[in-house]
Structure formats: C-alpha cells, structure tokens
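These are the residues of each chain, in order.
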Amino acid sequence: MTQLEVARFGKITPEMQAVAEQEGLSSEYIRSGVADGIIVILRNAKRSEVKPCGVGAGLRTKVNANLGTSPDECSLSNEMRKLEAAVKYGADTIMDLSIGGELDEIRRRFLDESPLPVGSVPIYNAAAEAVRSGKSVVEMTPDEIFGSIKRHVSDGMDYITVHCGVTLNTLERLRRHKRITDVVSRGGAFLIEWMIYNEQENPLYSQFDRLLEIAKEFDATLSLGDGLRPGCLADSTDRSQVQELILLGELAVRAREFGVQAMIEGPGHIPLNEIETNVMLEKKLCNGAPFYVLGPITTDIAPGYDHITSAIGGAIAARAGADFLCYVTPAEHLCLPSVEDVRQGVIAARIAAHVADVAKGTKTAQEWDASMGRARKALDWNAQAELAIDPELVTEIRNKKPPADTEACTMCGEFCAMKGIREYFSVTND
C-alpha cells in the first residue's frame, strides 16, 4: 500500500513519524495531511535507507537542486561533486535532469550516492534513446515513453516530473494566444512536437491511468509538470498556463483517488504582483496539492544574478503558500552550473524559504532567528558562525578582515552600543 492509502486507513507509517519529528509536528497532523493530499512524502518504496521528505501544508518550505549532464558537458564525477555541494549546503531533494551520456548509469549513480530523495524527468531519457536509435523524438512510441517511466521509478526515483497537462486542447489555446518565448519546457516541447507530428493526444494524458499504476507500484510521487510555463514575464499567467493548471488540478484529484501522491509544478517567470495570484490559483484549482515552483524569477534582465531574482520571488511565493522551491543558480539561462553555482543557488533558495517560514510563523524558523539574536547580544562570534545559513562564508569573511576587537563590527557600532545597553540593564535589573 502507498503512504496515501495507509493514511486513509487512519494508520501512521514510520515515514509519517519521521517527517513529524523533522517538522516538530504531531504524526497525526502528517497522516491527516497525506490522507487529504495536501502533504506528500517523497520516498520511493525501494529506498528505505533514504530520509523521507515531507512537502506541503504547514511544513517547512523545502528546496530542490537541479543537477545533470548535457551532451556538451558530461562528467559524472563533476555531477557527483555538485551533488556533494547540494547536500552540504542544505538542499532537501535532488533532481537529475541529465540529457547527455549514459543516462541509466548517471541516474543510478545519483540514486546510489544521494542521501536525499531524488527526482527525474523520464521523457528526457525516452527522447535521448529515440535519437540514439536513429529516430526522431516524434517517433517515440507511447510504450517507449512509459517504459522509460517504469525504469526510472523501478530504479528508485522518489518523484518524477510528467507533463500530463500538455494536451491538444491546451496546444490549440497556445496557437491562438501569442507568446514571446513560446514553449520553454524541454519536456513540454518534446510532447508538443510529438502531438503535432502524430496528430494524437499526449499519451501521458490519454493513458493517465497507466501512469498511475506504475507510480503506485513503487509509491513514487507524481510531480505534475508545467509544460506550458511562461519563459518570460510578458508571458506569465496567460490562458495556456492557466488552462494547463486546471487540467493538472483534475489529474491530481484522479491520482489521489487512485492512491498516488501528487504535487503540482509552477511557473518560473512571474512579476512580483502576480506571484500571490499564481499560488492562490494553484491551491484553489488543485484542491490544496503541494505547489513546487521554479524560483520564480521576478525579472528577465539579470542573467548571472538569477539566484537573487529567484530568491526574491521564492520568498513571496512561499509566504503565499508555495511549498517547494526549485533553486535557480547564477548560471541559469547561461550554461550548466559549476559546484560554486550550486552552492550559491542552494543558499539563495534556502534564504528565501526561511524568510517565508519566519513570516508564516514556523516555530523552528523563528527560533533559529531568535538564537542568532541571542548570540549577537552575547557577542559570541563562534555561535553566530554556527547559526549562519552558510557558516563557511562567515568564517571566511571573518578570517579575511576580523573586527578590531570583539566589541566592534562594521554595523554602525551595533555591538558597542549593545554592550553599553546590556551593562545598563544589568545594573538596573540589580
């Protein structure tokens, strides 16, 4: 039985208990959320050694790190270094988006090496195999697509992105409504090209029950992908995007009824004034399913700084109710990320998630900030470094240019003033 099915029977699994302990919540709260479909637990039934990750209502906002090879840059050892960095700097999950090299080997290596839940996009694998066999992507058969999905989840993928909402109907709406960037989702583009060439419905939609059977066998979570997500701010919250979201909400309900956990993927490029609207629409149209957003990126004019533009959007989205932030690195729109890019992307997304959690009243987040306040009052530099979201950076900066004494810093004499105030209060309190 899946986590969802067990939860509906009123039973608490070890995975629910583990998530409850991680979150500082009751196991009954987690069970109830899973049963209602507003919380998912990311862990394939085959990966009992991996710490389960809860995503959804009332939980800490989670952060995913995208990794993976391309045909032009295909070093498995380098990807493993990036994996180490993502784990070290606090990502909650990893996604393997590889499209170059021996994809089965790469995927299995990620699963072997990652202590975190791992996700993937099986359509990439199916498309790459079609090309290697001398065919075009449009010549993939539905059996080949579902064969790739089965292989991914049977290997142990904890969640998979599947672009089920890209349909002939949404494609027609896209044709009638012009966009600047058209379709930027790789998986969405593969399926649109396939539908146009074959004049058939997207098999991930028309054979959705087949997909559910595969996911249910391994208790893999479906991440219902946004194949029509906007690729620039001018295309955001348009008819095509919203039509796809409506379909994804319907499919999420079908998944729940079948006993399969599902979450919804959200857009990447959204202006600040539309972020809350996008989150509200997802929660309303998808019956509260966990919302997984890429960023979102809040301006298109800052390549090289998109870890910052996305952190701004991520904080607003998570505050509005998004549950899961996919990191964006400085390399977004430019090239594959380096190890340092991964570090910066993870940290930026974690800051966004934490800022939102503080605003939402998450106790663990608020206590973390309070602990830093106490360490600053005590002028405890070591504690401040340990409490920092990136302790290495704090130590690195301190070692480069330490304060003249332990009572001073560059923050307008804050600690000097604090010392005097503390001494005053110690006298008055006596």
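Whatever comes next refers back to the structure up there.
This report concerns the structure included in the present document.

A few words now on the overall build of the protein. Each helix and strand counted, the protein has 19 helices and 10 strands in total. Here the C-alpha atoms of the protein give a radius of gyration of 23 Å, agreeing with the 22 Å that 2.2 N^0.38 yields for 430 residues. Taken over 430 residues, the protein has a buried fraction of 53%. In the protein, 74% of the contacts between residues at least 6 apart in sequence involve partners at least 24 apart. Carbon and sulfur atoms make up 53% of the accessible area of the protein, which amounts to about 18,600 Å² in all.

Here helix H12 (residues 239-258) spans 29 Å end to end across 20 residues, near enough to the 28 Å set by a 1.5 Å rise per residue. Of all the positions in H12, only Ser240, Gln241, Gln243, Glu244, Leu245, Leu247, Leu248, Gly249, Leu251, Ala252, Ala255 and Arg256 are classed as buried. One or two residues past the end of H12 sits Gly259, with phi positive at roughly 90 degrees.

Here we come to the nonpolar core. Counting 96 residues, the largest nonpolar core has Met140, Ile149, Val162, Leu211, Leu222, Leu224 and Ile264 as the members making the most contacts within it. When residues of this core are assigned to their parent elements, the largest contribution, 8 residues, is made by helix H15 (residues 339-360). Those residues in contact with Val162 that lie beyond four places of it in its chain are Ile149, Leu204, Leu211, Leu222, Ser223, Leu224 and Gly225. Of all hydrophobic cores here, the second largest spans 11 residues; its members include Leu4, Met16, Val19 and Ala35.

It is worth spelling out the pairing of strand E1 (residues 39-42) at this point. Neither face of E1 is open: one carries Ile39 and Ile41, the other Val40 and Leu42, and all of them are buried. Note: E1 against strand E2 (residues 53-56), 4 bridges, orientation antiparallel. If you follow Leu42 over to E2, its bridge partner there is Cys53.

For the pair helix H14 (residues 306-320) and H15, interaxial distance at closest approach is 8 Å and the crossing angle is 25 degrees. Here H14 lies roughly parallel to H15, going by the angle between them. Seen from above, H14 lies across H15 with right-handed handedness. Along the contact surface, H14 presents His307, Ala311, Gly314, Ala315, Ala318 and Arg319, while H15 presents Gln344, Gly345, Ala348, Ala352, Val355, Ala356, Ala359 and Lys360.

Turning our eyes to something else, we now look at unusual backbone geometry. Note the cis peptide between Gly295 and Pro296, where omega equals -5 degrees. One non-glycine residue, Asp182, lies in the positive phi region at around 50 degrees. Tracing the chain through its elements places Asp182 in the loop between helix H8 (168-176) and helix H9 (186-198). The backbone of His333 shows a phi angle near 75 degrees, a positive value even though the residue is not glycine.

Next up on the list: the packing of aromatic side chains. Per the counting criterion, the structure on display carries 3 aromatic pairs. Ring centres 4.2 Å apart and planes at 25 degrees place the aromatic pair Tyr292 and Phe324 in the stacked group. Here Phe324 lies in strand E10 (residues 324-326) and Tyr292 lies in strand E9 (residues 291-294), a separation of 32 residues in the sequence. Under the relative-accessibility criterion, Tyr292 is labelled buried at 4%. Looking at Phe324, the relative accessible area reads 0%, which means it is buried.

This brings us to the environment of Asp143. Here Asp143 shows up in helix H7 (residues 142-155). Judged by its relative accessible area of 52%, Asp143 is exposed. For the pair Asp143 and Pro203, spaced 60 residues apart in sequence, the C-alpha separation works out to 9.3 Å. A distance of 2.9 Å separates a polar atom in the side chain of Asp143 from a polar atom in the side chain of Arg210.

Before going further, it helps to examine the pattern of salt bridges. Following the criterion strictly, the structure yields 28 salt bridges and no others. Across the salt bridge formed by Arg60 and Asp92, the nearest N and O atoms sit 2.9 Å from each other. Residue Arg60 is located in the loop between E2 and strand E3 (62-67), and its partner Asp92 is located in the loop between helix H4 (76-88) and strand E4 (93-96); the two are separated by 32 residues in the primary sequence. By relative accessible area, Asp92 is classed as buried at 11%. In this structure, Glu392 engages Lys88 in a salt bridge whose closest nitrogen and oxygen atoms are separated by 2.5 Å. Taken together, the positions of Glu392 in helix H18 (residues 391-400) and Lys88 in helix H4 put the pair 304 residues apart, joining distant regions of the chain. Relative accessible area serves as the criterion here: at 35%, Glu392 is assigned to the partly exposed category. On the accessibility criterion, Lys88 (53% relative accessible area) is exposed.

Parameters at a glance
Residues numbered from 1 in each chain as written. Predicted model: local features only at pLDDT ≥ 70, side-chain atom pairs only at ≥ 80, totals over all residues. Heavy atoms only, no water. Helix = DSSP H or I, 4+ residues; strand = E, 2+ residues; numbered from the N terminus. Rg over C-alpha atoms; globule rule 2.2 N^0.38 Å. Buried < 20%, exposed > 50% of the residue type's maximum accessible area, 1.4 Å probe, protein only. Contact = heavy atoms within 4.5 Å. Areas by Shrake-Rupley, 256 points an atom, 1.4 Å probe, with all protein chains shown as cover. Expected span 1.5 Å × (residues − 1). Core = buried A, V, L, I, M, F, W, Y, C linked by side-chain atoms within 4.5 Å. Pairing = 2+ DSSP bridges. Axes fitted to C-alpha atoms, helices over the stretch in contact; angles between N-to-C directions. Parallel < 35°, antiparallel > 145°, perpendicular 65-115°, else oblique. Left-handed = near helix turned anticlockwise from the far one by under 90°. Phe/Tyr/Trp six-rings, centres within 6.5 Å; stacked < 30°, edge-to-face > 60°. Polar contact = N/O pair within 3.5 Å; in protein donor to acceptor, adjacent residues only side chain to side chain. Salt bridge = Lys/Arg side-chain N within 4 Å of Asp/Glu carboxyl O.

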